[in-house]
Amino acid sequence: MSRRWTARLALAAGVAAVVVLVVFAGFGSLVLMGVGWAGLVLTAAGGWWMLTHTGWVRVLAGMLVIAAPLGVLVLYASAGLLWVVLVSVGLWALAVSAGRAALVDDSAPIMAERLVRPAEHPFLIMNPRSGGGKVGKFRLAERARAKGAEVVVLDPAERQDVAELARRAVREGADLLGVAGGDGTQALVAGVAAEHDIPFMVIGAGTRNHFAMDLGLDREDPSTGLEALDDAVELRIDLGYLSGGEATGGEPTGAEVAGGEAVDRSVERVFINNASFGVYAEVVQSPAYRDDKARTILEMLPDLLTHQSGAVLSVRAGSLTVEGPQAVLVSNNPYARGDSAGLGRRQRLDSGELGVLCVGVGNAAEATELLLRGGQGRGLTAATAREVVVEADAPVIPVGVDGEALTLPTPVRCRLAPGALRVRVPRHRPGVPHVAPPMDWRRVRSLALTMGRVAAGHGTG
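Since the model is a prediction, treat every value here as computed from it, not as a measurement. (Residues numbered from 1 in each chain as written. Predicted model: local features only at pLDDT ≥ 70, side-chain atom pairs only at ≥ 80, totals over all residues. Heavy atoms only, no water.)

A. Spatial organisation of the sheet that holds strand 11 (residues 274-278). One open sheet accounts for 6 strands, arranged 16-15-14-11-18-19; its pairing is antiparallel. The open sheet terminates on both sides in strands that have one partner only, identified here as strand 16 (380-385) and strand 19 (404-409). Taken over all neighbouring pairs, the strand axes of this sheet differ in orientation by 20° on average, direction set aside. (Pairing = 2+ DSSP bridges. Helix = DSSP H or I, 4+ residues; strand = E, 2+ residues; numbered from the N terminus. Axes fitted to C-alpha atoms, helices over the stretch in contact; angles between N-to-C directions.)

B. Fine view of the pattern of salt bridges. Scanning all chains against the criterion turns up 13 salt bridges. One salt bridge in this structure joins E268 and R415, with 2.8 Å as the shortest N-O distance. Of this pair, E268 sits in strand 10 (residues 268-271) while R415 sits in strand 20 (residues 412-426), placing them 147 residues apart in sequence. The exposure class of R415 is partly exposed, given its relative accessible area of 30%. One salt bridge in this structure joins R316 and E391, with 2.7 Å as the shortest N-O distance. With R316 in strand 12 (residues 313-317) and E391 in strand 17 (residues 387-392), the pair connects residues that are 75 residues apart, well separated along the chain. (Salt bridge = Lys/Arg side-chain N within 4 Å of Asp/Glu carboxyl O. Buried < 20%, exposed > 50% of the residue type's maximum accessible area, 1.4 Å probe, protein only.)

C. Geometry of the packing of aromatic side chains. Enumeration according to the criterion identifies 2 aromatic pairs in this entry. Measuring from centroid to centroid gives 5.0 Å for F24 and W83, while their planes differ by 70°, and the two rings are edge-to-face. Here F24 is found in helix 1 (residues 3-25), whereas its partner W83 is found in helix 4 (residues 82-103), with 59 residues between them in sequence. Owing to a relative accessible area of 47%, F24 belongs among the partly exposed residues under this scheme. Residue classification places W83 among the partly exposed positions, given a relative accessible area of 45%. If you follow R8 out to its NZ or CZ, it ends over the ring of W5, 4.5 Å from the centre. (Phe/Tyr/Trp six-rings, centres within 6.5 Å; stacked < 30°, edge-to-face > 60°. Lys NZ or Arg CZ within 6 Å of the ring centre and 35° of its normal.)

D. Layout of helix 3 (residues 55-78). Between its first and last C-alpha, helix 3 extends 34 Å over 24 residues, near the 34 Å set by a 1.5 Å rise per residue. Along helix 3, the sharpest change in direction is near 25° and occurs at A67; proline P69 comes one to four residues later. By the burial criterion, the buried members of helix 3 are R58, A61, G62, A68, V72 and Y76. Positive backbone phi, approximately 70°, marks G80, located one or two places after helix 3. (Expected span 1.5 Å × (residues − 1). Bend = angle between axes of the 7 residues up to and from the residue.)

Spelled out as structure tokens, the structure:
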């Protein structure tokens, strides 16, 4: 279906959602909408109170989160209008889904790629514990060696400096470095590849494989990534760097991997996905987090969200300054704001800019606004910049770097190195899916009407 007809479907479904309410509920449609909004507001407020309080307040807030939507449904059912509401909501969901799909621009520029010859001496590092044992499950080491690659499989029982392994391989003549493992390990070796300006290869054998997804690789079968050894194209992408304290640079010295964990030893650390500060970074630093994640989060959130514990942050991104956010995410290229899965995808990795997201919610009203407006409101600040500085009222702060927990002295500086990394990917791969942007009814209406006139020969001149 063309974008024009998808936009028309969105408009038709939106109108139908309103018509169903008006025709079958009459004047009561306004009451129905008011009751529904009230239920959403109470649910959002209850969620905020549940996260920021303990004891009986948390219990009562949890009851409100459950009771508010149930109460709304009971009121609808008792009025005999539950089916009307469900049909209207379904039509509205269809309208929003079709509208966002219509706004996806398939002609948007994609990352430039060029055909390359196979590497003569590829060197791959594989972590057998990543992703629950994907290296063994998909026989990645054997398949890579069959293609002529030198493979080192890490020993989980020993600490090994993966960055130093990569540097030694380069000294011995490796002309391609690759990793089968999590994003944290990928970042360490990617830094070495960028340092020596040799190609880097990604094998998505980790748990989430965000980097592999943003490169358009097949995350279901990581063995397909090995096709980049003999049938590849090369991309030039950006790399993020961060350093703590007054020093702003320095040569990375790598990190050790022990049992799948990274122990930071760097002056300047590479990140391929993001660096997070604030609530998330504080929680994952807790010794209790590994044993009982849910309980640790619930115990720590009240004090962290209300600034009773943890460092108070200040963020400078270009000319923008944000004081006191509870959470900060600095990403290697901006995340798509319209991704319903959250911070899941970056359409490009070569825009030359860091993405910055700051969340600062001070009360239930701001939390409610953020929820009801679909992630937009006073509590969320989004920006882009070439350099970001995170300061705090503490000499050191926790930082989550590509999923690894670190502690760095303040201020922490994040910078972007445009086009610093050469990445080899299979010539035939799923590709990066286009992310639908946030709903914009004005654009959808214009798309539905204007494109029709142009197609009919009008509106051109």
